[in-house]
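An overview of the molecular structure
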Amino acid sequence: MNIQPITFKIPSCSKSLDNVHSSNVIHSNLKPLNADTISFSGGYARVGNTLADHMEASLAAQTPRLKRIATTYLDVLESVVNKLKEFGFSMDRVYCEKHPVKSPESYTSKIVRSGKFKVPDTIRATIYCNDLYDLEKLNKYLLPEMEQRGYVVAKTEMSMKELIKRGYKPTAYEAEKSNNIFMNIPDLDIRLENAAEQVNKLDPQYRYCIGTPQKSGYEDIQIRFVRDFDKKKSPIQHELIVLFGPEYSSAKHQEYEYVYKYIRDFEKLHTNFNDNTMNGKKANRYIALIKQMFTGKVSEKLFLNAKNKDLYGINDELPITFAEIDQKLLKSYFGGLKECLNNSYIEAKKAAAPMHLKRTLAKNVKEDLRTLSEMQEGLSKTMERYNYENDLKNLLNTDK
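Residues numbered from 1 in each chain as written. Predicted model: local features only at pLDDT ≥ 70, side-chain atom pairs only at ≥ 80, totals over all residues. Heavy atoms only, no water.

What follows deals with the overall build of the chain. Helix and strand content of the chain: eleven helices and ten strands. By residue count, 45% of the 400 residues in the chain fall in the buried class. Once local pairs closer than 6 in sequence are excluded, the contacts in the chain between residues at least 24 apart make up 72%. With the model as given, the accessible surface of the chain reaches about 21,600 Å², and the carbon-plus-sulfur share is 51%. (Helix = DSSP H or I, 4+ residues; strand = E, 2+ residues; numbered from the N terminus. Buried < 20%, exposed > 50% of the residue type's maximum accessible area, 1.4 Å probe, protein only. Contact = heavy atoms within 4.5 Å. Areas by Shrake-Rupley, 256 points an atom, 1.4 Å probe, with all protein chains shown as cover.)

This is the structure we're talking about:
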């Protein structure tokens, strides 16, 4: 894909955003690179293994150095958390040391799925705050303590369209060009319920850093730090995730392992179903129904149960179970989706005159069908797992 952005300055931006710094505006009538345009492994449209091998080898060579930097980062976090214990902060150092540096394989996988070469969580850590909803703890204590130790909040680009959603009042020109204007703001995302009500507790530079919880109900605060002495054009970013507590961290891991890991593979499909056709609309509806099933029956309950335990000390849990009809529906949804996929490729083959294109399409449909089958098998096992766990809990409660 040939992308040729045109950059220019908006003179009014630095004045309009107060403490938010202005940045170049990027204009392009092409969409960002999609995950199905680059691939390094089976399931994606391939451009060859050489690029992946080279990238992973380069990252592997940097890993020892990154691990040393990550150790220093964890040392700093531990000192900050220990100082802020009275404000509800805590840290599981053992948990953080399991994967403080993103593996080369995960790194390249994220590039493929996002279509972007920027991976901001190369070094990452998690801490807890049992009073996370009080943003004064973040603004008055956590961020200043990190800054004292040389870790400042990085900058990231945000579209004018998103800034407007977050309360920014644009000029007439900015409103008109909102899809093509990007600003530099602190790389801090407060994804908590009703956080916007506490905007006055934040320094002005953070006023547009309040997002929303994910559709799954997952809440957190995400921060990317850079070292203030690192003068490189692309300094190493240190991600920090702040959660309610260890139960929430466990729920996050479960949700990834048994739901998100499979759901995200929709991005691996070579085709983007066209919503303008009935076949495309039907396929996208099947995808939405599958996501909705596991979000409602697993993800939302996992995060709600965990938050109740960490934040309120409530140990009663919403049960996570699947009925026989759910299992039948899952099979039906994937069956319908595979049929839509075949229909899309039949139409594509009609338009593909050269033989090499037809061979590529045949290969792609085979890979896509395999991907869907693997997803279906994984999500079916998720159903079985939670049903077994629920039956076991009921049995133990009966014995009591």
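Further remarks concern the pattern of salt bridges. Taken as a whole and judged by the stated rule, the model has 25 salt bridges. As a salt-bridge pair, Asp187 and Arg224 come within 3.7 Å of each other at their nearest N and O atoms. Note that Asp187 is positioned in the loop between strand E7 (182–186) and strand E8 (188–191) and Arg224 in strand E9 (residues 220–227), a separation of 37 residues in sequence. Exposure remark for Arg224: the relative accessible area of 13% places this residue in the buried category. Here the salt bridges share partners, and the residues they tie into one network are Asp75, Glu78, Arg93 and Glu97. (Salt bridge = Lys/Arg side-chain N within 4 Å of Asp/Glu carboxyl O.)

Looking now at the environment of Tyr168. Relative to the elements of secondary structure, Tyr168 occurs in the loop between helix H6 (160–165) and helix H7 (172–176). The class of Tyr168 is buried, set by a relative accessible area of 2%. For Tyr168, the side chain forms a polar contact with the side chain of Glu174, separated by 2.8 Å. (Polar contact = N/O pair within 3.5 Å; in protein donor to acceptor, adjacent residues only side chain to side chain.)

Looking at soluble globular proteins, one finds that nonpolar side chains tend to be buried together. Ranked by size, the top nonpolar core spans 92 residues in total, and within it Leu142, Leu188, Ile190, Ile221, Ile223, Leu240 and Phe294 carry the most contacts. If sequence neighbours within four positions are ignored, Ile221 has contacts with Leu132, Leu135, Leu138, Leu188, Asp189, Ile190, Leu192, Leu240, Ile241 and Val242. (Core = buried A, V, L, I, M, F, W, Y, C linked by side-chain atoms within 4.5 Å.)

Before going further, it helps to spend a moment on the environment of Gln237. Locating Gln237 in the fold gives a position in the loop between E9 and strand E10 (238–243). In this structure Gln237 comes out as buried when scored by relative accessible area, which is 14%. Sequence separation of Gln237 and Val153 is 84 residues, and the distance between their C-alpha atoms is 9.3 Å.

Here we take up unusual backbone geometry. One non-glycine residue, Asn194, adopts positive backbone phi at about 55 degrees. Tracing the backbone through its elements, the reader meets Asn194 in the loop between E8 and E9. Judged by its relative accessible area of 51%, Asn194 falls in the exposed class.

Moving on, we get to empty space enclosed by the protein. Here the structure, examined in full by the defined rule, presents two cavities of 30 Å³ or more. Considering only enclosed or pocket space, the largest cavity measures out at about 50 Å³ in volume. Every residue lining the largest cavity is listed: Phe89, Cys129, Asp131, Leu132, Asp134, Leu135, Lys137, Leu138, Leu142, Ile221 and Val242. For the lining of the largest cavity, the leading source of residues is helix H5 (residues 135–148), giving four residues. Considered class by class, the residues forming the lining of the largest cavity number eight nonpolar, no polar and three charged. (1 Å grid on protein atoms, 1.4 Å probe; cavity = no way out; pocket = protein on both sides within 12 Å on 5 of 7 lines; lining within 4 Å. Points joined across faces, edges and corners; volume = space filled by probe spheres on them. Nonpolar A, V, L, I, M, F, W, Y, C, P; charged D, E, K, R; others polar.)

We now examine helix H10 (residues 324–351). One turn of the α-helix equals 3.6 residues, which is why residues spaced by three or four share an orientation. Helix length check: H10 (28 residues) gives 42 Å between terminal C-alpha atoms against 40 Å at 1.5 Å per residue, within 8%. Listed in full, the buried residues belonging to H10 are Asp326, Leu330, Tyr333, Phe334, Gly336, Leu337, Cys340, Leu341, Ser344 and Tyr345. (Expected span 1.5 Å × (residues − 1).)

Another point: a nonpolar patch on the surface. Side chains of Tyr388, Leu392, Leu395 and Leu396 sit close together on the surface and give an oily, nonpolar patch of about 420 Å² of accessible area. The residue Tyr388 is located in helix H11 (residues 355–399) in this model. (Patch = residues over 30% accessible without salt bridge, like charges linked within 9 Å, V, L, I, M, F, W, Y side chains within 5 Å.)

Here we take up the packing of aromatic side chains. Taken as a whole and judged by the stated rule, the model has twelve aromatic pairs. With centroids separated by 5.0 Å and ring planes inclined at 80 degrees, the aromatic side chains of Phe244 and Tyr248 adopt a geometry described as edge-to-face. Each member of the pair, Phe244 as well as Tyr248, carries the same accessibility label: buried. Between the aromatic rings of Tyr258 and Tyr386, the centroid separation amounts to 6.1 Å while the plane-to-plane angle is 85 degrees, which identifies the pairing as edge-to-face. (Phe/Tyr/Trp six-rings, centres within 6.5 Å; stacked < 30°, edge-to-face > 60°.)

We now examine the environment of Ile210. If you trace the backbone, Ile210 turns up in the loop between E8 and E9. Of the residues examined, Ile210 reaches a relative accessible area of 10% and is grouped as buried. A C-alpha to C-alpha distance of 8.1 Å links Ile210 and Leu188, two positions 22 residues apart in sequence. Not counting the four nearest positions on each side in its chain, Ile210 is found in contact with Arg166, Ile190, Ala195, Ala196, Val199 and Leu202.

Turning next to the side chain of Gln254. Looking at where Gln254 falls in the secondary structure, it is placed in helix H8 (residues 246–263). A distance of 2.9 Å separates a polar atom in the side chain of Gln254 from a polar atom in the side chain of Tyr386. Discounting residues that sit within four places of it in the chain, Gln254 has contacts with Val259, Leu302, Arg385 and Tyr386.

Distances and angles like these do not, on their own, reveal function.
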